[in-house]
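Results of the structural survey
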Amino acid sequence: MKYAFFPGCSLESTAWDFNRSTRAVCSALGIELEDIPDWVCCGSTPAHASNPSLAVALPVVNLQKAQVMGAPVMTACASCYSRLRTANHKVRHQPAERERAEKVTGRAYDGNVEVVHLLDVLKNRLGLDAIRARVRRPLGGLQVATTTAAC
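Residues numbered from 1 in each chain as written. Predicted model: local features only at pLDDT ≥ 70, side-chain atom pairs only at ≥ 80, totals over all residues. Heavy atoms only, no water.

If you look at the biggest cluster of nonpolar residues, it comprises 34 residues, and the most contacted ones within it are Ile31, Val73 and Met74. Among the secondary structure elements, those contributing two or more residues to this core are β1 (2-5), α4 (52-69), β3 (73-75), α5 (78-93), β4 (115-117) and α7 (118-126). Residues in contact with Ile31, not counting those within four places in the same chain, are Met1, Tyr3, Cys26, Val121, Leu122 and Leu126. (Core = buried A, V, L, I, M, F, W, Y, C linked by side-chain atoms within 4.5 Å. Buried < 20%, exposed > 50% of the residue type's maximum accessible area, 1.4 Å probe, protein only. Helix = DSSP H or I, 4+ residues; strand = E, 2+ residues; numbered from the N terminus. Contact = heavy atoms within 4.5 Å.)

What follows is the structure in structure tokens.
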């Protein structure tokens with residue numbers, strides 16, 4: 001399985017450990033990730049609240065780049081996933097949004113690049129049995145506690 005990977009801003013900064021573990025897990029499971037070249041922020045934090053046109057155009061830039069790569073887009077960030085999927089939906093179903101995005105980006109885009117989340121790939125495409133088959137060190141009996149970090 002090969003995916004155009006969109007790490008997003010968080011995985012490239014504050015969630016660097018999530019980025020590292022995502023790549024390691026995918027590599028161990030035979031999921032090939034190729035970063036979208038020169039990706040841009042999807043605007044998940046401010047764009048959709050401040051500029052509706054930008055909220056569609058920013059994700060579309062990344063989707064256009066992924067379209068050239070010929071692979072579905074995978075992301076691990078829930079916010080990026082939401083912005084990429086929302087942009088695709090708007091471009092596909094709202095001609096005015098499509099026109100506006102194409103005007104901002106300067107390129108055509110039809111909204112047909114598939115966008116998937118890491119968890120969807122792991123559970124529904126690879127499958128739990130395939131994951132279990134690759135476990136080398138079972139962690140049964142391990143006691144785990146979570147902590148709440150201040151934001």
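What follows concerns the sheet that holds β3. Taken in spatial order, the 4 strands of this open sheet run β2-β1-β3-β4, and their pairing is parallel. Two strands lie at the open edges of the sheet, namely β2 (32-35) and β4, each paired on one side alone. Here the strands of the sheet are splayed against their neighbours by 40 degrees on average, with no regard to which way each runs. As judged from the 3 bridges shared by β3 and β4, these two strands associate in the parallel manner. Bridge assignment links Met74 to a residue of β4, and that residue is Val116. (Pairing = 2+ DSSP bridges. Axes fitted to C-alpha atoms, helices over the stretch in contact; angles between N-to-C directions.)

Summed over the entire model, instances satisfying the criterion amount to 7 salt bridges. Linking Arg100 and Glu97 is a salt bridge whose minimum nitrogen-to-oxygen distance equals 3.3 Å. With Arg100 and Glu97 both in helix α6 (residues 95-105), this residue pair falls 3 residues apart, about one helical turn. Through salt bridges that share partners, Glu114, Asp120 and Arg125 make up one connected network. (Salt bridge = Lys/Arg side-chain N within 4 Å of Asp/Glu carboxyl O.)

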